[in-house]
Amino acid sequence: EEVLVMGVCGQHDCLTRYDSPKYIRIEGAIWGYARCFLSLTIALSIGCIIFIYGLHQEMDEVNSAVRTSVKGVAYTNNRIWDTAEYTIPMQAINSFFVMTNIIKTENQLEQTCPAYPFNKSICLSDKSCEKGSINIYSNGVQTGRCVEYNATVKTCEVKAWCPVEPMESPPEPAVLRSSENFTVLIKNNIHFPKFNYTIVNIPPIFNTSCTYNKKTSPLCPIFRLGDILQEAKENFSEMAVKGGIIAIEINWDCNLDSWFYDCNPKYGFRRLDHREINPGFYIRYARYYKLPQGMEQRTLFKVYGIRFDVLVFGTGRKFNAIELIKNIGSMISYFGLAAGAIEIALCVGNYFSYGKSPFYKVFNRKKYDTVLDPRQVMYVSYVDEPHITLIKKPLKTSLQHAQGSVVESHPVKSYDAGNCCTSEEDDDEGYMLGQPLRQEATSPNFQKWCCCGKCLPTQKYHEQLCCRRKEGQCITTSYLFQQLVLSSRSLKKALLYKDPFLDLTDDNLSDQLRHLAYKQYIHWRFGSSHLEDRAVIPSCCRWRIRDTYPKAVDNYTGFNME
């Protein structure tokens, strides 16, 4: 808005002035208390929001590094399972895998053998088997022969690691269901580069025999696998059969201010793979051996287990004066809600009072300044009414009878007491001015729109205006009209006030006095300079001024102040 004003107004004006908004002051304890209450509530709310959400602090994202160490031993199927057996290195970052179930295919040699039976491997003759064909569900390359898999089924022969891996479900219960008692130590180092601050999740006083518990040991970095799944609302024995993926979330929400320091990890756990849609997690790997004959033999393992993904996130916060000033500045606009609430209350009160309450009448008049096209409006003032009336064009009847709206009351006018106290010479002049100048103005056949009996006939609606709304004495017969409008002594003084060297014997003096008399009347009856251009002088007053200070040639245009 300021830029628009700068573009419209002159450069010098914009540099030497300041435009301030206009306010309406409502005197009343209710409105004052309401504003104070709302402003105080908003200020407290802003303070709470800034403090609770840390808007007075600068923030930085966490950089993290994770290391894990799984511990535990199990004895099952006449075999000892230690860390080297059940933990398998993962390619994923910040993850570790614990085996819980296994399908083992031993003594595999690279040779030909029947394929495992499935839809596209079952055959009746060699014609059903295409030599060199590879199926994604098969374990090798077809040789083109159809051979017996067992006594009831024939399948295509393949060149593969034989015997091929059976497509069977994992054993239940899981082989390593006791792995729920294994523990994992998670070491997490974090760094906030903006604040150059580093911390680790291991407490300064670390009890190596502790185990994480949400209530009793929330900062212990050693976790029992069964407790992790319990916190994730999962059953370890069920999940151990086919495996799955569990997220270990470490949240660092650090307040690094010395007076409110708090930087401890908060742990959370949830399952990542879907329970219903293809649940589970498994991997395959093989162990290879050399036979005495030089042939290579292997044992294939299909292991099911739980993959644990360690997810680290968080922010570091520290006091910053610039952030505080910026956020307070953005919230100052919230104080406008107090004014908005009071405005709504005023509108509701105005609506339910139907605009009849004196308070709301005055409020509406002070609140809104209507700006109209000056070419489409006229202002009139009647001597028997206390206000100025606005009338819009075009007129469908005489200006006297046109309906208008009240725009403002007459302002209190003050005049120099010397203007009202005249000498004997002025009294004589006033007596002469008070005499009727035109017999037609007092004719009994005066116009219907005239209420004072001194208006002259005209056919133009905008010139049909009397000084009164109701019948009564004409304002031109009043003493003040004589002294303020028609007194040549007063008018000449006003001309000399503007131009001390004015020649009062000039032939155009009558024109100057007439124009000044028009302005004197408007100032007297309208009291506002901004109404001067569209203020209408009544017919009786206009012609009385013209009779007193006539033109050399009697060619008045009627409405214009000539």
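Fair warning: this is a prediction, and the values are worked out from it, not measured in the lab.

About the cut-offs
Along each chain, numbering runs from 1 in the same order as the chain's sequence is written. Given that this is a predicted model, residues contribute local features only at a pLDDT of at least 70 and side-chain atom pairs are listed and counted only at 80 or more, while totals for whole chains, interfaces and linings are drawn from all residues. To obtain the side-chain values, all non-hydrogen atoms of the structure were included, while hydrogens and water were left out. Where helices and strands are cited, they refer to DSSP runs of H or I of at least four residues and of E of at least two residues respectively, numbered from the N terminus. We call two residues contacting when some pair of their heavy atoms lies within 4.5 Å. The disulfide definition used here is simple: a pair of cysteine sulfur atoms within 2.5 Å. Only protein chains enter the accessibility calculation, which uses a 1.4 Å probe; a residue is then buried when its area is under 20% of its type maximum, exposed when over 50%, and partly exposed in between. UniProt positions are given in the numbering used here, feature names are shortened, and annotations may be inferred rather than shown by experiment. Each patch groups residues whose relative accessible area exceeds 30% and which form no salt bridge, using 9 Å between like charges and 5 Å between nonpolar side chains of Val, Leu, Ile, Met, Phe, Trp and Tyr. Throughout, the Shrake-Rupley method with a 1.4 Å probe supplies accessible areas, and for residues the shown protein chains are the sole cover considered. Salt bridges are defined as contacts in which a side-chain nitrogen from Lys or Arg sits within 4 Å of a carboxyl oxygen from Asp or Glu. Residues scored as positive are Lys and Arg, those scored as negative are Asp and Glu, and His as well as the terminal groups of each chain are ignored. Where a charge lies is defined by one atom per residue type, namely NZ (Lys), CZ (Arg), CG (Asp) and CD (Glu). Note on method: axes are straight lines fitted to C-alpha atoms, helices fitted across the in-contact stretch only, with angles between N-to-C directions ranging 0 to 180 degrees. Roughly parallel here means an angle under 35 degrees, roughly antiparallel means over 145, roughly perpendicular means 65 to 115, and every remaining angle is called oblique. It is the rotation of the near helix from the far one that decides the hand of a crossing: anticlockwise by less than a right angle makes it left-handed, clockwise makes it right-handed. Charged means Asp, Glu, Lys or Arg here, nonpolar means Ala, Val, Leu, Ile, Met, Phe, Trp, Tyr, Cys or Pro, and polar covers whatever is left, Gly included. A pair of Phe, Tyr and Trp rings is counted when the ring centres sit within 6.5 Å of each other, with Trp represented by its six-membered ring. The angle between the planes then sorts it: under 30 degrees is stacked, over 60 is edge-to-face, the rest tilted. Two limits define a charge over a ring: the Lys NZ or Arg CZ must be within 6 Å of the ring centre, and within 35 degrees of the ring normal.

A.B. asks: Which residues make up the side chain of Arg317, and what values go with them?
C.D. replies: In this structure, Arg317 sits in strand β15 (residues 296–319). In contact with Arg317, not counting residues within four places along its chain, are Gln57, Glu58, Met59, Phe195, Asp253, Cys254, Asn255, Leu256 and Asp257.

A.B. asks: Pulling in residues and values, what's your account of the state of the cysteines?
C.D. replies: Evaluation of the coordinates by the stated rule reveals 5 disulfides. Disulfide pairing is shown between Cys123 and Cys146; the S-S distance is 1.9 Å. On the S-S bond that ties Cys123 to Cys146, the torsion sits near 95°, and the link is right-handed. Here the residue Cys123 occupies a position in the loop between β6 (95–114) and β7 (141–148), and Cys146 occupies one in strand β7, the gap between them amounting to 23 residues. Overall, the relative accessible area of 14% leaves Cys146 in the buried class. Across the disulfide from Cys129 sits Cys156; the S-S distance is 2.0 Å.

A.B. asks: Give me the UniProt feature "transmembrane region" (unreviewed entry) in the chain: which residues, what numbers.
C.D. replies: In the numbering used here, UniProt assigns the feature "transmembrane region" (unreviewed entry) to residues 32–55. Secondary structure within residues 32–55 divides into 88% helix and 0% strand; the distance between the first and last C-alpha atoms comes to 31 Å.

A.B. asks: Could you give me a rundown of a positive patch on the surface, with the residues and numbers involved?
C.D. replies: Together, Lys356, Lys361, Arg365 and Lys366 make up a region of like positive charge exposed at the surface. For Lys366, the location among the structural elements is in helix α9 (residues 358–367).

A.B. asks: I'd like a description of the packing of helix α14 (residues 509–525) against helix α15 (residues 539–548), backed by residues and values.
C.D. replies: In contact at an axis separation of 9 Å, α14 and α15 are set at 150° when each is read in the N-to-C sense. Regarding the angle of α14 to α15, the classification is roughly antiparallel. Of the two possible hands of crossing, α14 and α15 adopt the one that is right-handed. In this structure, α14 uses Arg514, Ala517, Tyr518 and Tyr521 to contact α15, whose residues at the interface are Cys541, Arg542, Ile545 and Arg546. In terms of residue class, the contact of α14 with α15 is built from 5 nonpolar, no polar and 3 charged.

A.B. asks: I'd like a rundown of the packing of aromatic side chains, residues and numbers included.
C.D. replies: By the definition in use, this model includes 21 aromatic pairs. Aromatic pair Trp161 and Tyr288: ring centres 5.9 Å apart, planes at 70°, arrangement edge-to-face. Here the residue Trp161 occupies a position in strand β8 (residues 154–162), and Tyr288 occupies one in strand β14 (residues 282–290), the gap between them amounting to 127 residues. Overall, the relative accessible area of 44% leaves Tyr288 in the partly exposed class. Where Phe223 meets Tyr267, the ring centres are 5.0 Å apart and the plane angle is 70°; that geometry is what we call edge-to-face. Note that Phe223 is positioned in strand β11 (residues 222–224) and Tyr267 in strand β13 (residues 265–271), a separation of 44 residues in sequence. The two residues Phe223 and Tyr267 agree in class, both being buried. Grouping aromatic residues by their ring pairs yields a cluster made of Tyr212, Phe223, Tyr267 and Phe269. Taking NZ or CZ as reference, Arg79 lies 4.5 Å from the ring centre of Trp81, over its face.

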